[in-house]
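# Fold and contact review
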Amino acid sequence: MKRTKTEGTPLPLNQILLGDCVEIMNRMPEASVDLIFADPPYNLQLRGDLHRPDNSKVDAVDDHWDRFDTFAAYDRFTHDWMKAARRVLKPNGAIWVIGSYHNIFRVGAALQDQGYWILNDVVWRKSNPMPNFRGKRLTNAHETLIWASKSEGAKYTFNYEAVKAMNDDVQMRSDWVIPICTGHERLKDATGAKAHPTQKPEALLHRVLVATTNPGDVVLDPFFGTGTTGAVAKRLGRDFIGIDREAAYAEVAEKRIANVRKANSEVLEVTKGKRAEPRVPFGQLVERGMLQPGEVLFSPRNKTAKVRADGTLIASDCKGSIHQVGAAMEGAPSCNGWTYWSYRRDGIMVPIDVLRQQIRAEMK
């Protein structure tokens with residue numbers, strides 16, 4: 001771990017910085033990180049000890065870093081770290097903030113006040129939540145994550161096809177069922193107690209990073225704790241920057257991350273949507289002789305058009321691009337010509353998109 005000297009130095013990649021996150025972020029280069037995952041103090045406002053029915057004491061969050069005198073003090077703290085975080089985000093960067101009912105509504109308002117643009121709120125439903133021992137409220141079985149871009153209209157990263165593939169090829173929803181840390185994943189200190197009271201499960205960070213970052217991206221966690229963000233980032237081939245005020249947490253995180261092995265580049269690539277693939281103009285198919293001028297293309301309903309030398313099509317009553325002619329034939333406002341048209345080879349109808357994919361394979 002390093003003490004906080006970042007001003008005038010390169011971005012401190014894959015390091016844990018010890019100190020106040022606002023001061024450290026304000027010394028970092030502007031617009032230098034791709035994603036921020038923030039797990040700030042929840043301001044739980046606990047009053048007295050919490051005991052189980054057998055009178056054993058619950059190891060709840062009562063640490064000094066989670067204590068604020070007033071809501072106004074917590075709001076000032078939130079404003080300050082969010083402002084510093086927004087400064088270091090790249091224009092197309094994004095932020096995730098996680099919290100409970102104690103703080104997430106104040107956090108959401110602060111995000112909007114700062115100029116962030118909220119994209120989703122995600123409910124992390126815990127499959128094994130801690131019971132409500134006092135029996136005076138509903139069991140707190142979820143936490144909320146807010147995902148926001150730096151500003152409205154920003155071209156943030158979202159690997160839609162990848163998270164859909166993770167979900168058995170069904171569109172990923174905004175309610176995630178993931179267990180809390182237990183067993184071997186729960187880090188312990190030398191006395192056998194929890195190393196950190198609010199350690200997040202690696203499964204949660206895995207989904208966040210696969211969904212909203214790419215290999216080589218820089219992920220900043222200003223409340224690093226025992227380093228779940230860093231451990232998952234390293235495994236997935238992302239660079240991380242961790243900040244924490246507590247030396248004990250940073251020490252645990254450093255040892256933890258040292259034992260993580262980065263996956264090889266071949267398996268780090270994720271499924272991309274077709275829009276992310278290289279653009280191939282239809283005219284290239286004609287230039288390269290994959291389709292000949294005068295060749296006939298067929299619609300799904302066996303309507304026809306001829307290929308022209310400049311990569312446009314001509315039909316009996318219209319001419320234009322593969323998309324324009326397809327739309328005109330169907331009387332539709334638009335048409336994806338790549339999936340609409342086919343050509344005939346050896347008596348078999350072949351979609352023209354097959355030829356586009358051949359060219360794309362050569363470009364990789």
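This structure is a prediction, so every number in the text was calculated from the model and none was measured.

### Points about the packing of helix α2 (residues 71-88) against helix α3 (residues 104-114)
Running from N to C, α2 and α3 point in directions that differ by 45°, and their axes come no closer than 10 Å. The orientation of α2 relative to α3 falls into the category oblique. The two elements α2 and α3 meet at a crossing, and its hand is right-handed. The residues of α3 that touch α2, namely those facing Phe71, Tyr74, Asp75, Thr78, His79, Met82, Lys83 and Arg86, are Arg106, Val107, Ala110, Leu111 and Gln114.

### Comments concerning the confidence of the model for the protein chain
Across the protein chain, the average pLDDT comes to 87, with 89% of residues at 70 or higher. Scored below 50 in pLDDT, residues 46-61 makes 26 contacts in the model with residues more than four places away or belonging to other chains.

### So, the pattern of salt bridges
Pairing between side chains becomes possible if they bear opposite charge and their charged atoms approach one another. Counted according to the given criterion, the structure contains 12 salt bridges. The partner of lysine 90 in a salt bridge is aspartate 34, with the nearest N and O atoms 3.0 Å apart. Taken as a pair, lysine 90 in strand β4 (residues 89-99) and aspartate 34 in strand β3 (residues 33-38) lie far apart in primary sequence, 56 residues in all. Overall, aspartate 34 belongs to the buried group, its relative accessible area being 18%. Note that arginine 356 and aspartate 353 form a salt bridge whose closest N and O atoms lie 2.7 Å from each other. Residue arginine 356 and its partner aspartate 353 are located together in helix α12 (residues 353-363), separated by 3 residues, close to a single helical turn. Under the relative-accessibility criterion, arginine 356 is labelled buried at 9%. By relative accessible area, aspartate 353 is classed as buried at 11%. Salt bridges sharing common partners tie together Glu202, Arg235 and Arg256.

So, how was this worked out
Residues numbered from 1 in each chain as written. Predicted model: local features only at pLDDT ≥ 70, side-chain atom pairs only at ≥ 80, totals over all residues. Heavy atoms only, no water. Axes fitted to C-alpha atoms, helices over the stretch in contact; angles between N-to-C directions. Helix = DSSP H or I, 4+ residues; strand = E, 2+ residues; numbered from the N terminus. Parallel < 35°, antiparallel > 145°, perpendicular 65-115°, else oblique. Left-handed = near helix turned anticlockwise from the far one by under 90°. Contact = heavy atoms within 4.5 Å. pLDDT = per-residue confidence, 0-100. Salt bridge = Lys/Arg side-chain N within 4 Å of Asp/Glu carboxyl O. Buried < 20%, exposed > 50% of the residue type's maximum accessible area, 1.4 Å probe, protein only.

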